[in-house]
Amino acid sequence: MDQIVDISTDGRHLSRDRGFLKVSDGAEEIGRIPLDQIAGVIVHAHGTTWSTSLLTELADRGAPVVLCGSNHAPRSVLLPLEGHHAQGARLRAQWQAKAPILKQAWKQVVISKIAMQAAALEAVGETHAPVAMLKRKVVSGDSTNVEAQAARYYWPRMMGQEFRRDRTAPDLNALLNYGYTVLRAATARAVVAAGLHPTIGLHHSNRGNAFALADDLMEPFRPLVDCCVRGLAERNGPKVDTEAKTTLARLIALDLPFGGGLTPVSIALGKLAVSLGQSFETRRLNLALPSPPDVLTLSGLGS
């Protein structure tokens, strides 16, 4: 089972030991986890040190190391240079992809995100039909910015009328930052493993964003984090404590309806990234996008 390792206590040392990531405090071993089970490492703490051999082993497995600021938003991500046996050809296909396929891919991603937002609102007992109906209005490239229209309706009902999404703010925003960091790490891993380059996005194109494609592909999964954050805040207040981090990190193991069965989020991200890579190579769009979980699953997140 893929797991996210969170380092939030100052002064820890991370090293490799016979196929394990070992966490130490001075000469004392605090814990260890098999390297093959690690989907990503998120570091918040000051004074954290690590061995080069550990970073190499994590890179060989495609597991990103994410360094976060005090607001739990990522500041740096370490990813491997190689990720797929056919990476060269796939990267060329990605770079040479024409605008029509990029715009159609973004349209499908936005529709999938809006469907997940509507399901999330329904699960928490809010009116969801106005968001669900917006799916029909999404055009190629979402040139009319239906995504933003959905967000304006969605956020006040999901998080409260006074809520404003602000990455620098505390409380609910800090919880969302952490949840999205977990999701971004898992998506970046999937992108690299599929032989794609995370910098070359479908829609996100800020020159300073080294993970534009990861940010694009994680969009349909974001409402899962939102539901979980709402549940955590209602139960225990909007604090980013150990319990909240553990709950949010477990989201990558949540089962989603996918292809007639159930697939964990981490695997669904991998299938989506692979389907995009194959679409670039064949020049025929066929994205493997997730379906929303049932109402009971969504309403139980974070509780």
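See above for the structure.
Okay, so let's go over this structure. (Residues numbered from 1 in each chain as written. Predicted model: local features only at pLDDT ≥ 70, side-chain atom pairs only at ≥ 80, totals over all residues. Heavy atoms only, no water.)

A look at the sheet that holds strand β6 (residues 49-50)
The strand order across the open sheet built from 4 strands is β4-β3-β2-β6, with neighbouring strands paired in mixed fashion. At either end of the open sheet lies a strand with only one pairing partner, and these are β4 (28-34) and β6. The sheet contact formed by strand β2 (residues 13-17) and β6 spans 2 bridges and is parallel. Each residue of the ladder has a partner; that of H13, found in β6, is T49. (Pairing = 2+ DSSP bridges. Helix = DSSP H or I, 4+ residues; strand = E, 2+ residues; numbered from the N terminus.)

Examining the environment of G88
Turning to its location among the elements, G88 is positioned in helix α2 (residues 87-96). A relative accessible area of 39% means that G88 is categorised as partly exposed. The sequence separation of G88 and G195 amounts to 107 residues, and the corresponding C-alpha distance is 7.7 Å. (Buried < 20%, exposed > 50% of the residue type's maximum accessible area, 1.4 Å probe, protein only.)

Concerning the nonpolar core
Residues L202, F221 and L248 are the most contacted members of the largest nonpolar core, which totals 80 residues. Filtering out sequence-adjacent residues up to four positions away, L248 remains in contact with L175, Y178, G179, V182, V225, C228, V229 and L232. Grouped together as the second largest cluster of nonpolar side chains are 14 residues, L14, V41, A63 and V65 included. (Core = buried A, V, L, I, M, F, W, Y, C linked by side-chain atoms within 4.5 Å. Contact = heavy atoms within 4.5 Å.)

Looking at the pairing of β4
Across 6 bridges, strand β3 (residues 20-25) lies against β4 in antiparallel orientation. In the sheet register, F20 faces β4, and the bridge partner there is P34. Counting the residues between successive antiparallel strands, the hairpin from β3 to β4 contains 2 residues, one of them, G26, with a positive phi of roughly 65°.

Some remarks on helix α6 (residues 172-193)
Between its first and last C-alpha, α6 extends 32 Å over 22 residues, near the 32 Å set by a 1.5 Å rise per residue. Along α6, 21 of the 22 residues are buried, which leaves the element largely enclosed by surrounding structure. Count one or two residues on from α6 and you reach G195, which has phi positive near 80°. (Expected span 1.5 Å × (residues − 1).)

A short note on the pattern of salt bridges
Across all of its chains, the model carries 15 salt bridges by this definition. With a closest N to O distance of 2.6 Å, D17 and R32 form a salt bridge. Highlighted residues: D17 in strand β2 and R32 in strand β4, separated in sequence by 15 residues. With relative accessibility at 17%, the residue D17 sits in the buried group. (Salt bridge = Lys/Arg side-chain N within 4 Å of Asp/Glu carboxyl O.)

A short note on the sheet that holds strand β1 (residues 3-7)
Strand order in the open sheet made by the 4 strands is β1-β5-β7-β8, with mixed pairing throughout. In this open sheet, the two strands that pair with only one neighbour each are β1 and β8 (74-78). Neighbour-to-neighbour, the strand axes of this sheet turn through a mean angle of 20°, independent of strand direction. Relative to strand β7 (residues 65-68), strand β5 (residues 38-43) runs parallel, the two sharing 3 bridges. Across the sheet, residue V43 finds its bridge partner in β7, namely L67. (Axes fitted to C-alpha atoms, helices over the stretch in contact; angles between N-to-C directions.)

Thoughts on the packing of α6 against helix α8 (residues 222-236)
Pairs of packed helices are described in terms of their axes, by the angle between the two and the distance that separates them. Packing of α6 against α8 brings their axes to within 9 Å, and their N-to-C directions diverge by 140°. On the basis of their axis angle, the class for α6 and α8 is oblique. As α6 runs across α8, the sense of the crossing is right-handed. Residues L172, L175, L176, G179, Y180 and L183 of α6 touch α8, and the partners they reach there are R222, V225, D226, V229 and A233. (Parallel < 35°, antiparallel > 145°, perpendicular 65-115°, else oblique. Left-handed = near helix turned anticlockwise from the far one by under 90°.)

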